[in-house]
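One letter stands for each residue in the lines below.
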Amino acid sequence: MRDDSYQAVMARRGELMEASLKINYEDFELLGIAFDYEKMMSEAAYSMEEMIEIQRSLGVGNTPVVELKNLTKLARKYAPQGKGARIFVKDEAANASGSFKDRRAAISVYHAKKLGYKGVVTATSGNYGAAVACHAAKLGLKCIVVQECFDSKGVGQPEIVEKARKCEALGAEVVQLTVGPELFYQFLKLIEKTQYFNASLYTPFGIAGVETLGYEIVQQFKQMGQQPDVVVATNAGGGNLTGTARGMRKAGNTTTKIVGASVDLQGLHMASDLDFNRKSFTTGHTGFGVPFTTSPDRSDVPRSAARPLRYMDRYVKIRQGEVFFITEALANLEGLEKGPAGNTSLAVAFVLAQEMPEDQIILVQETEYTGAGKSVQPQLSFARDNGIDIYFGDPEEEIPGKSIVLPSSPDKISVNDIDLSYLRQSLVKNALKASTEPLSEIELNYLAEEINGSVEQVQQIIENLN
């Protein structure tokens with residue numbers, strides 16, 4: 001019998017990953033810290049046309065683009081003369097299970113079926129779990145969702161609890177855990193015990209599945225005769241932004257600016273028991289967005305296919321209260337009820353539209369379904385029950401974990417830029433921790449691709465670090 005202790009299981013993670021994915025990540029390793037990212041992405045082994053066909057057969061994709069005329073009008077009210085770009089959303093709630101993550105899950109589960117696995121396992125706070133469960137049911141596979149759900153007192157956020165119910169309703173077995181390092185450990189134990197496929201968010205299959213989203217955006221706006229000037233994507237683990245940008249490039253659009261958006265939860269640790277229920281956003285926040293941007297391979301696969309810094313033109317953060325406000329505005333002005341986590345990018349777009357000329361287009365790349373625990377009031381009530389002060393006023397007063405400030409007027413909604421040069425420096429610094437020798441030309445070129453820059457920029461960063 002194999003040793004199931006934490007240390008023993010973690011020591012076997014490499015072989016467990018290979019067995020549960022049929023990917024030998026060593027095939028993509030180059031010299032030192034470098035690896036061949038594009039070769040790894042080709043392991044998805046499906047063309048764009050094949051992925052579109054797979055997704056359509058499972059009720060995924062071909063989601064509508066909707067112009068938000070009333071929100072645009074509101075933005076123009078507060079914008080300088082001649083400013084106020086048209087705001088559109090790509091309504092990903094129209095997918096089979098209600099979010100863009102259907103695109104990732106459809107390809108991953110289809111691939112598991114093709115390889116002969118009897119089931120799939122995934123670790124997720126919920127939306128992706130629902131998507132995997134949905135497509136596993138359609139394809140006749142078993143599904144286990146491992147969910148970080150409760151703090152040490154057994155208290156779970158209403159949004160996370162509701163997501164667990166949805167996963168169960170779709171036929172999945174849900175393993176609910178308390179916050180902390182046991183998530184990955186339990187996940188590895190399950191894939192070893194069941195011999196199921198690892199339907200990770202960060203495999204080449206998962207990220208390639210999102211490429212169809214970017215591809216569709218380009219095709220749909222071709223029919224309008226004008227491509228978006230800016231696409232805003234909520235950024236957590238980076239797969240959303242990465243897949244969308246890659247898909248747009250494959251469709252021939254290399255000019256649209258890609259903006260990442262995260263909710264500002266500075267000071268709250270994403271794996272802290274104390275902080276767990278002081279966060280009113282379970283994803284799409286800086287606690288995931290920043291560390292996964294500067295150290296992508298911290299995910300549950302040896303090499304993450306989500307590399308957002310390669311594709312990001314700008315990265316901004318917005319506050320919790322501002323997202324809740326825009327969520328209500330979307331419902332009241334446009335008749336669209338969407339979950340706050342998916343409206344992070346919409347809140348950012350509302351601000352950025354006011355910086356852009358009226359004849360330009362800004363596209364919110366995804367929205368998500370809502371439900372009993374995912375609407376605004378249950379989340380605000382839960383925050384209040386956990387001692388969070390909630391009031392209308394100036395959002396700049398908001399302190400993550402202590403207050404949620406709903407803007408007293410739409411003109412008080414603003415964004416703060418996250419310094420991309422600092423993130424690039426952090427990525428290089430993190431990469432250098434794994435290297436004891438001077439970097440080779442291959443490694444320098446690799447890091448230049450990672451930061452979407454030049455070898456000279458990498459060398460300058462290294463010089464500054466020294």
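Just so you know, the residues in each chain are numbered from 1, in the order the chain's sequence is written. Reporting in this predicted model follows two pLDDT cut-offs: at least 70 for local features of residues, and 80 or more for side-chain atom pairs to be given and counted; totals over whole chains, interfaces and linings ignore these cut-offs and use all residues. Water and hydrogen atoms play no part in the side-chain values, which are based on all heavy atoms of the structure.

- The name an unreviewed UniProt entry gives the protein is PLP-dependent lyase/thiolase, with Candidatus Enterococcus murrayae as the organism.
- UniProt positions are given in the numbering used here, feature names are shortened, and annotations may be inferred rather than shown by experiment. Heading Cofactor (unreviewed entry) of the UniProt record for the protein holds this comment: "pyridoxal 5'-phosphate".

1. Considering the overall build of the protein
No. 1: Numbering of helices and strands runs from the N terminus; a helix is a DSSP stretch of H or I covering at least four residues, while a strand is a stretch of E covering at least two. Secondary structure summary: the protein contains 18 helices and 13 strands in total.
No. 2: Each radius of gyration is computed over the set of C-alpha atoms, and the globule rule expresses the reference value as 2.2 Å times the number of residues to the power 0.38. Over its C-alpha trace the protein gives a radius of gyration of 21 Å, about what one expects of a compact globule, namely 23 Å for 466 residues.
No. 3: Looking at the protein residue by residue over its 466 residues, the buried ones come to 61%.
No. 4: Sequence-distant contacts in the protein: of pairs separated by 6 or more residues, those separated by 24 or more amount to 76%.
No. 5: To be clear on the numbers: accessible area is Shrake-Rupley with a 1.4 Å probe, and residue cover counts the displayed protein chains and nothing else. About 18300 Å² of surface is accessible on the protein, with carbon and sulfur atoms providing 48% of the total. Relative accessibility under 20% of the residue-type maximum defines a buried residue, over 50% an exposed one, and the middle range a partly exposed one, all with a 1.4 Å probe and only protein chains included. Contacts are residue-level and defined by heavy atoms, with any inter-residue pair within 4.5 Å sufficient.

2. Brief notes about the side chain of Asp264
No. 1: Checked against the element boundaries, Asp264 lands in the loop between strand 8 (257-263) and helix 12 (286-294).
No. 2: We score Asp and Glu as negative and Lys and Arg as positive, and we do not count His or the chain ends. Counted as salt bridges are all cases of a side-chain nitrogen of Lys or Arg within 4 Å of a carboxyl oxygen of Asp or Glu. For the buried Asp264, no salt bridge exists, and the shortest N-O distance to an oppositely charged side chain is 4.0 Å, to Lys317.
No. 3: Whenever two N or O atoms come within 3.5 Å, that pair is a polar contact, provided that in protein one can donate a hydrogen and the other can accept it, and provided that, for residues adjacent in sequence, both atoms are side-chain atoms. At 3.0 Å, the side chain of Asp264 forms a polar contact with the backbone nitrogen of Gln266.
No. 4: Apart from residues lying up to four places away in sequence, Asp264 is in contact with Thr286, Lys317, Ile318 and Pro400.

3. Considerations on unusual backbone geometry
No. 1: With a phi close to 60 degrees, Lys22 is a non-glycine residue in the positive phi region.
No. 2: By the secondary structure assignment, Lys22 is in the loop between helix 2 (13-21) and helix 3 (37-41).
No. 3: The exposure class of Lys22 is exposed, given its relative accessible area of 55%.
No. 4: A positive phi is found at Asn452, a non-glycine position, where the angle reads about 55 degrees.
No. 5: On the accessibility criterion, Asn452 (37% relative accessible area) is partly exposed.

4. Concerning the UniProt feature "domain: Tryptophan synthase beta chain-like PALP" (unreviewed entry) in the protein
No. 1: Feature annotation in UniProt places "domain: Tryptophan synthase beta chain-like PALP" (unreviewed entry) on residues 57-364, given in this structure's numbering.
No. 2: Structurally, residues 57-364 comprises 43% helix and 17% strand, and the distance from its first C-alpha atom to its last is 25 Å.

5. Let's talk about the sheet that holds strand 10 (residues 361-364)
No. 1: Two strands pair under a simple rule: DSSP has to find at least two bridges between them. With mixed pairing, seven strands are arranged side by side in an open sheet as 1-2-10-7-8-9-13. The strands lining the two open edges of the sheet, one partner per strand, are strand 1 (65-67) and strand 13 (416-417).
No. 2: Sheet topology places strand 8 next to strand 9 (residues 314-318); five bridges connect them, and they run parallel. Bridge pairing in strand 9 places Val259 opposite Arg314.

6. A word on helix 15 (residues 376-385)
No. 1: When helix 15 is considered as a whole, its buried residues turn out to be Val376, Gln379, Leu380, Phe382 and Ala383. Down the axis, helix 15 shows its buried residues gathered within 160 degrees of arc, on one side only.
No. 2: On its buried face, helix 15 is in contact with helix 8 (158-169), helix 13 (320-334), strand 11 (389-393) and strand 12 (403-407).
No. 3: Where helix 15 terminates, the next one or two residues include Gly387, which has phi positive at roughly 85 degrees. Taken from the helix axis, the directions to the C-beta atoms give the arc we talk about.

7. Re the pairing of strand 12
No. 1: Of all five residues in strand 12, five are buried; the element is thus mostly enclosed.
No. 2: Across the two faces of strand 12 the burial is the same, with Ser403, Val405 and Pro407 and Ile404 and Leu406 all buried.
No. 3: Here five bridges tie strand 11 to strand 12, and the two strands are oriented parallel to one another. Looking across to strand 12, one finds that Tyr391 is bridged to Val405.

8. Structural notes on a negative patch on the surface
No. 1: Together, Glu18, Glu26, Asp27 and Glu43 make up a region of like negative charge exposed at the surface.
No. 2: Tracing the sequence through the fold places Glu43 in the loop between helix 3 and helix 4 (48-57).
No. 3: The partly exposed category is assigned to Glu43, whose relative accessible area is 32%. Like-charged residues within 9 Å of one another, or nonpolar side chains (Val, Leu, Ile, Met, Phe, Trp, Tyr) within 5 Å, are grouped into patches, provided each residue has over 30% relative accessible area and no salt bridge. Taken as the charge location is NZ of Lys, CZ of Arg, CG of Asp or CD of Glu.

9. A word on the sheet that holds strand 5 (residues 173-178)
No. 1: In space, the four strands of this open sheet follow the order 5-4-3-6, with parallel pairing throughout. Edge positions in the open sheet fall to strand 5 and strand 6 (197-198), since each of these has one partner strand only.
No. 2: As judged from the six bridges shared by strand 4 (residues 142-150) and strand 5, these two strands associate in the parallel manner. Counterpart to Glu148 in the pairing with strand 5 is Leu177.

10. Notes on the pairing of strand 9
No. 1: Here strand 9 lies mainly inside the structure; four of its five residues are buried.
No. 2: The definition of a right-handed crossover adopted here requires that, viewed with the strands pointing away, the path from the first strand over the helix to the second runs clockwise. Taken together, strand 8, helix 12 and strand 9 form a β-α-β motif whose crossover is right-handed.
No. 3: As judged from the two bridges shared by strand 9 and strand 13, these two strands associate in the antiparallel manner. Opposite Val316, over in strand 13, you have Asp417 as the bridge partner.

11. Thoughts on the pattern of salt bridges
No. 1: By the definition in use, this model includes 24 salt bridges.
No. 2: For the salt bridge of Glu355 with Arg314, the shortest nitrogen-to-oxygen distance reads 3.2 Å. Of this pair, Glu355 sits in the loop between helix 14 (344-353) and strand 10 while Arg314 is found in strand 9, placing the two residues 41 residues apart along the sequence.
No. 3: A salt bridge links Glu368 to Lys374; the shortest N-O distance between them is 2.9 Å. For the pair formed by Glu368 and Lys374, the shared burial category is buried.
No. 4: It is possible to trace a salt-bridge network through shared partners that takes in Glu29, Asp297, Arg303, Arg307, Arg310, Glu449 and Glu450.

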